[in-house]
Structures are given as C-alpha cells and as structure tokens.
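These are the residues of each chain, in order.
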Amino acid sequence: MTGDLAARQAALVATLTSGAPVPPGFDPRLVGVARDALLRKRAGDVARAWPMLAAAQGDRWRTVFLAWAAHRPTNGSLRDGWDLARSLAPLTGTAAAELAAREAAWRYDGRSAPVPRGRLSGWARRRRFDPLWESGRLWTRLRSKG
Amino acid sequence: MTDYGVGIGWRPEIAGFVAELPGLRFVEVVAESVHDHGPVPQGLADLRAKGVAVVPHGVKLSLGGAEPVDPARVTHLASVAERLEAPLVSEHIAFVRAGGVEAGHLLPLPRSREAVDALVANVARTQAELPVPIALEPIAAIFDWPDDELTEAQFLTEILDRTEALLLLDIANVYANARNRGTEPLALLDALPLERIAYCHVAGGAEAGGIYHDTHTHAVPEPVLDLVAALCERRRPPALLLERDGSYPAADTLRAELDAIAAASGYPVVT
C-alpha cells in the first residue's frame, strides 16, 4: 500500500474516536483494545476536570462516560465534561453546583472554547486567560465563597 | 546531556514529594501544562532555584502527523524551554490528531519511508524554533500498521540520523512492545544507537486482556528494572527518569521505586 498517509491517519483516528470501521489490514482485536484504553484514559482525564460530576456517578462513572464518549472525539476534558454534564441534566447536589459555577463564569455554546463572562472577560484577555488551566482554581474559589 | 542520574516526572500531585528529594538533579514536566506567560508553577521555580534541571516533555505536537506541525504549539514548546532554562526538550515519535480530530493519545506510525519523511519534516520545523536540542521518544504501541517496511531499529535509526535528534528511550515501552509483539527486547537494545540516548524513561504498567499496558499508574515491574540493568551494562544513559501519572502511591513506595532505578543503573540514590 502506498501514499496518502494523511488519509490513513485520519481513518485510524475515526476508528478510535467515532466508531468507524477498522481500516483494512489492522488487527481488529488490538485496535479495539487501543480504543478501550483511550476511552478509559479520557474517563480519568474528565473525572479530574469535573470531580463532582464523576463522583456523583460513583461506580458507574466509567460506564456512563464510555457510553457517552464512544462515538464522540475529545474536545478536551473541560468541554467533554461540560457536554456530558449538560446531557445528564438535571443534576443534583455538588455535581449541579459544579456545573452551575462554570455556567455562571463562562459562556459556552457547546461548539467552541468557553469564554469568560462579563467583567472577568477583560481581565482574562489581558491575562490571556486559559479556561482549561484556570477552571479548577476558579471552581475552588467560587465554592469556598459559597 | 550531563549525567543527571535518577530523576522523576514532576506532576502537581507529587510536587511536595519531589521538592524534598535531597539528591535530585533533574525532572521532566509535561510541556503543555506549563504556561508560556504568567508565573512558572512554584514547585518548578523552587527546583530551578536549587539548580535542578527541568526538561519540558511535549505530548501534543503530533510530530508524526502527515500534516505540518502547528506553529503555535512549536512556539509554546520553545518558550517553555526558555522560561525553564531547559537543557533540552523531548517529544514523541507518534501522531495525536489527524484531519482536525484529536485522538486523545499517542498513536503509532507505520514504519514506512513516507512516515519517516513526514516526521523528519516536522522535527526540522520544530528544531528551527527551539533554543535547545530535542530528544525523540518511541512509544508503546498496542497495535502495528499492516504495511511496515522497516524494522523498529531501522525506523528509529533512520529518524535519528536524518534529524540529528537525541533519543529518549523509554525502557518500559521497549518492554511493553517486545512482550506484546513477542520479540526480544535485548535484540532491540543491541540494534539501537545507544550513544544517542539523552535519557531514559522508566514506568510501570499492567496486563489486561492479554496485552501489557504502559499505564504509568502501576508499580515498575521487575523485568523493566532488569532491562534498565541490561541497558546500563551495554552503555549507561546520562539519566533515567521515573514516570508516574496517577494512582500515586505512598511516598515510601515512590522512594523505593527511585532507589530501585538507582540500584539497577548504578547511579547514586536521590532519596
């Protein structure tokens, strides 16, 4: 087989992230193992970015996340957890508070990176604020005030 | 690279543990976790003040992607290297995205001339901006491409020759790949240009479903330490670094792992 590495890499990524068929010649079992490992890693990453969301699911976290993520390529842990949290609404308890704090602090349209709301935004632009980087710290601060 | 001996991957979760290692001379930090503006994480700044070398380790450049490497990501890596006064940086022989979709992890390349060409071009684009040398790390691959033209040693040697990059050899990856492919890890060590090694990774893993996974969340298994010893008998690398990325054990357990790497390599203990 020759040429078009770009297309072949894209096909493999689609298999691993969107449930597309395994490209010809690859070992389907091993590609499946890699796909599962990748989803488990994502589940851990999102649980770190959204600790209350994951905790609220308890032992079912991995199952819930895998079912949601199996055909959705990652947009990063912050957005993945955000999309999942919205899809699970109405949430209760600390998971609801976690989502509410972020909805209050950021404008997120579900399609592109969240942007800080209101007064924060000018400050954020000056600081070249990075939501993924700062959201954990911000969440802790909002919680301790609440 | 200077003989730094035994180091550890710096992570915020174990920053307190790392800060108190008396003999430590080098750490690695995930490059994408460090801002290229604003303050450097305090734990890293404190280590720098003590003279500990900090190596930025990139995980998202996608050097093996068929598409050109993202210039903003290269600029970020270069500026982090400058801010940390790093002696070198490192990245992977892998791709992590294609066609605008993120894979979320390091994926293997076909061992083909086309893939070598793509990677060499991306490494050259990166080197053009970097203030320091780059070391390239072969990954642990759960699967292989169906149409490999080169052996692993030929593939890596060709990449190193054409890029003039250093080698970051992950001993746990050598172990994982050999175990999963049913090949002989020592044969790979014997076929690699060991004099090009900048440093080595050492990490733990676990078997699941008949496949050994390089998890970085389990203990370093004995056979990996045996491979460290076998490598050091052939040619001792300037430094060896323990990677731990989660399920952090008690401090005593981490210290014992660092001591075991020191024992296997003959470097002084850092604990």
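Treat the numbers as computed from the prediction; the structure is a model and nothing was measured. (Residues numbered from 1 in each chain as written. Chains lettered and ligands numbered in written order. Predicted model: local features only at pLDDT ≥ 70, side-chain atom pairs only at ≥ 80, totals over all residues.)

Undergrad: In this structure, what is going on with the overall build of chain B? I would like to understand it.
TA: When its secondary structure is counted, chain B shows 9 helices and 12 strands. Each principal axis of the C-alpha atoms in chain B carries an extent, and together these give about 50 × 40 × 35 Å. A burial count over chain B gives 49% of its 271 residues as buried. (Helix = DSSP H or I, 4+ residues; strand = E, 2+ residues; numbered from the N terminus. Buried ≥ 20, exposed ≤ 12 C-beta atoms within 10 Å, placed from the backbone.)

Undergrad: Before we go on, may I ask you to explain the overall build of chain A in this structure?
TA: Of the regular secondary structure elements, chain A holds 8 helices and 2 strands. Across chain A, helices and strands are ordered from the amino to the carboxyl terminus as α-α-α-α-α-α-β-β-α-α. Looking at chain A residue by residue over its 146 residues, the buried ones come to 27%. If you take every contact in chain A between residues at least 6 apart in sequence, the share linking residues at least 24 apart comes to 49%. (Contact = placed C-beta atoms within 7 Å.)

Undergrad: Would you mind showing me how to read the nonpolar core here?
TA: Burial of nonpolar side chains together is a common tendency in soluble globular proteins. The biggest cluster of nonpolar side chains holds 94 residues, and the ones touching the most others in it are B:I171 and B:V202. The residues touching B:I171, leaving out its near neighbours within four places in the chain, are B:C200, B:H201, B:V202, B:V224, B:L227, B:V228 and B:L231. With 16 residues, the next largest nonpolar core counts A:L39, A:A43, A:F65 and A:W82 among its residues. (Core = buried A, V, L, I, M, F, W, Y, C linked by C-beta atoms within 7 Å.)

Undergrad: Would you mind showing me how to read the interface of chain A and chain B here?
TA: Frequently, the measure chosen for interface size is the accessible area that the parts lose on association. Facing 28 residues of chain A, the contacting portion of chain B comprises 27 residues. Every element with two or more residues in the side of chain A that touches chain B is listed here: α1 (5–18) and α2 (28–49) of chain A. Looking at the side of chain A that touches chain B, its residues break down into 17 nonpolar, 6 polar and 5 charged. (Nonpolar A, V, L, I, M, F, W, Y, C, P; charged D, E, K, R; others polar.)

Undergrad: Would you mind going over the environment of B:V34 with me for this structure?
TA: All names here are of chain B. Checked against the element boundaries, V34 lands in the loop between β2 (26–30) and α2 (42–49). Taking C-alpha positions, V34 is 9.2 Å from L77, a pair spaced 43 residues apart along the chain. Residues contacting V34, with those up to four places away along its chain left out, are V29, V40, P41, P56 and V80.

Undergrad: Even after reading the chapter, I still don't get the confidence of the model for chain B, so can you show me in this structure?
TA: Detailed reading of predicted coordinates is not advised where the pLDDT is low. For chain B, per-residue confidence averages 96 on the pLDDT scale, and residues scoring 70 or more make up 100% of the total. Here the complex is predicted with pTM 0.89, and the ipTM for its interfaces comes to 0.94. (pLDDT = per-residue confidence, 0-100.)

Undergrad: Looking at this model, I keep getting lost on the pairing of strand β6 (residues 101–107) of chain B. Mind explaining?
TA: Two faces make up the sheet, and in a regular strand the side chains alternate between them. Residue and element names in this part refer to chain B. Bridge count for strand β5 (residues 95–98) against β6 is 3 bridges, and the pairing is antiparallel. Bridge pairing in β6 places F95 opposite L107. Linking β5 back to β6 in an antiparallel pair, the connection comprises 2 residues, with G99 at a positive phi of about 55°. (Pairing = 2+ DSSP bridges.)

Undergrad: I keep staring at the environment of B:D36 and nothing clicks. Help me out?
TA: Residues and elements named next belong to chain B. By the element assignment, D36 lies in the loop between β2 and α2. Look at D36 and you get partly exposed, because 16 C-beta atoms sit within 10 Å. Along the backbone, D36 and A78 are 42 residues apart, and their C-alpha atoms lie at a distance of 9.0 Å. Residue contacts for D36: discarding those within four places in its chain leaves H76, S79, V80 and R83.

Undergrad: Looking at this structure, how should I read helix α8 (residues 222–234) of chain B?
TA: Think of an α-helix as 3.6 residues a turn; residues three or four steps apart then line up on the same face. Residue and element names in this part refer to chain B. Between its first and last C-alpha, α8 extends 19 Å over 13 residues, near the 18 Å set by a 1.5 Å rise per residue. Those residues of α8 not exposed but buried are V224, L227, V228 and L231. End-on, the buried residues of α8 take up no more than an arc of 105°, which puts them together on one face. Along α8, exposed side chains directed more than 90 degrees from the buried face belong to E222 and E233. Buried positions along α8 lie against α6 (171–181), α7 (185–191), β9 (197–203), β12 (239–243) and α9 (251–265). (Expected span 1.5 Å × (residues − 1). Arc of directions from axis to C-beta.)

Undergrad: Even after reading the chapter, I still don't get the environment of B:P193, so can you show me in this structure?
TA: Residue and element names in this part refer to chain B. For P193, the position within the fold is in the loop between α7 and β9. Taking C-alpha positions, P193 is 24 Å from A128, a pair spaced 65 residues apart along the chain. Apart from the residues lying within four places of it in its own chain, the contact partners of P193 are T157 and L160.

Undergrad: Got a minute to help me understand the pairing of strand β4 (residues 89–93) of chain B in this structure?
TA: All names here are of chain B. Of all 5 residues in β4, 5 are buried; the element is thus mostly enclosed. Bridging between β4 and strand β7 (residues 134–138) involves 5 bridges; their strand directions are parallel. Of the residues in β7, the one forming a bridge with E91 is L136.

Undergrad: Explanation requested: unusual backbone geometry in the structure shown.
TA: Of all residues except glycine, most have a negative phi; of all peptide bonds, most are trans. Residues A:A89 and A:P90 are joined by a peptide bond in cis, for which omega reads 5°. Note that A:P90 resides in the loop between α5 (77–88) and α6 (93–105). At B:E85, a residue that is not glycine, the phi angle is positive and equals roughly 50°. If you trace the backbone, B:E85 turns up in the loop between α3 (71–83) and β4. Although it is not a glycine, B:E164 sits at a positive phi angle of roughly 55°. Residue position: B:E164 is located in the loop between α5 (152–163) and β8 (166–170). For B:E164, a count of 12 C-beta atoms within 10 Å corresponds to the exposed category.

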